[in-house]
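# Summary of structural features
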Amino acid sequence: MSKPTKYIILVVVCLIVPAAIVWDYLPSVMSDYPKLYEVIKRLTGIYITIVSTWLIISFANTFRKLGEQHALPHQQYINSFIGVLKIILIFICVIIVIAIIADKDPSTLLAGLGAMSAILMLAFQDTIKGLVAGIRLTSNDMVRIGDRITVPAAGADGIVEEIALTTVKVRNFDNTIITVSPQSLVDGSFQNWRGMSENEGRKVVRRVYIDFRSITIDADGIVNLTRYREHMTEWLSQCDLVLADHIIMVHQQDATPTGLPVEFVFWLREQTMPAHSHQISEIMEHAYAEAPVFGLKIYQQFPEQ
């Protein structure tokens, strides 16, 4: 049994049990003072109602913390449901307290609230929209706690730390906190990088622009650019930094006024920054250095050109 649960049980014993004892023995003790008896009775009823509500909310908070420690993907919106539960409990508590004060049946008060449903819907529209949006995000597995997401409209690019009833908290890589509403994620667009992190490697696409004037044919009738592409493809397949069982391509694309683009497509084992960026630089620096070996020149525009 966890410490919070033990504390809650101790509070129950210390607060509710004495009140229940007073409730049982109050009629016999206060039989000669009916008005005072009625006041104490109502105060005791209000006390028991408030403490019981607080008890249930405390259990809900304990359950939420346990869920966060052992969270599964489908449990990530437990905060949202706990938030709704709290609102319902507090609402019921208020109704019961009012009923005790007015000496009315709580069901009568609840029946009378039918005409106020429109006002309540208006007052809690953000909460209701947030809950519905959270359910949609959960059912479609669109975002989880720990995912890296990018929301251009909100300026968010970082790790999801918390998903609450009406907000999704994102910690950017500069440690700033951005709060985004679940509704905006559902209605708008955002980028989730989970697929990349779950993959064995991370895809890299880079281009090198070759000067057309350096493309020639050797004595064997083979174009030097062809030899360069074949060489780089073989080198990448043997590089320890690259996943050899993933796609490796070195191919040319449509000609441009700034040279012939040769595109490198491969997958790196390393996914985390800055190691990933350094490895890309190392590979592309090798690609640039190897080009002159095959008589190729990297395109560079000069003022006289």
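Look above for the structure.
Summarised in this report is the structure supplied together with it. (Residues numbered from 1 in each chain as written. Predicted model: local features only at pLDDT ≥ 70, side-chain atom pairs only at ≥ 80, totals over all residues. Heavy atoms only, no water.)

Our focus in this paragraph is the pattern of salt bridges. Throughout the structure, instances matching the rule amount to 6 salt bridges. When the shortest N-O distance is used, the salt bridge between aspartate 157 and arginine 148 registers 3.3 Å. For arginine 148, a relative accessible area of 21% puts it in the partly exposed group. Among the ionic pairs, aspartate 220 bridges to arginine 227, the shortest N-O distance being 3.5 Å. Classification of arginine 227 by relative accessible area gives partly exposed; the value is 29%. Each of Asp218, Asp220 and Arg227 takes part in a single network of salt bridges with overlapping partners. (Salt bridge = Lys/Arg side-chain N within 4 Å of Asp/Glu carboxyl O. Buried < 20%, exposed > 50% of the residue type's maximum accessible area, 1.4 Å probe, protein only.)

Pairing within the open sheet is antiparallel, and its 5 strands lie in the order β4-β3-β2-β1-β5. Two strands close off the open sheet at either side, each with one partner strand: β4 (177–180) and β5 (191–192). As paired strands, strand β1 (residues 148–151) and strand β2 (residues 156–163) are joined by 4 bridges and run antiparallel to one another. If you follow valine 151 over to β2, its bridge partner there is alanine 156. (Pairing = 2+ DSSP bridges. Helix = DSSP H or I, 4+ residues; strand = E, 2+ residues; numbered from the N terminus.)

Okay, the sheet that holds strand β7 (residues 249–252) next. What the 3 strands build is an open sheet, ordered β6-β8-β7; its pairing is antiparallel. With partners counted over all chains shown, the strands left at the sheet margins are β6 (202–210) and β7, one partner each. Taken over all neighbouring pairs, the strand axes of this sheet differ in orientation by 15° on average, direction set aside. When β6 meets strand β8 (residues 260–268), the two strands line up antiparallel, connected through 9 bridges. Residue pairing in the sheet places valine 204 in a bridge with phenylalanine 266 of β8. (Axes fitted to C-alpha atoms, helices over the stretch in contact; angles between N-to-C directions.)

Remember that the coordinates give geometry; whether it matters functionally is a separate question.
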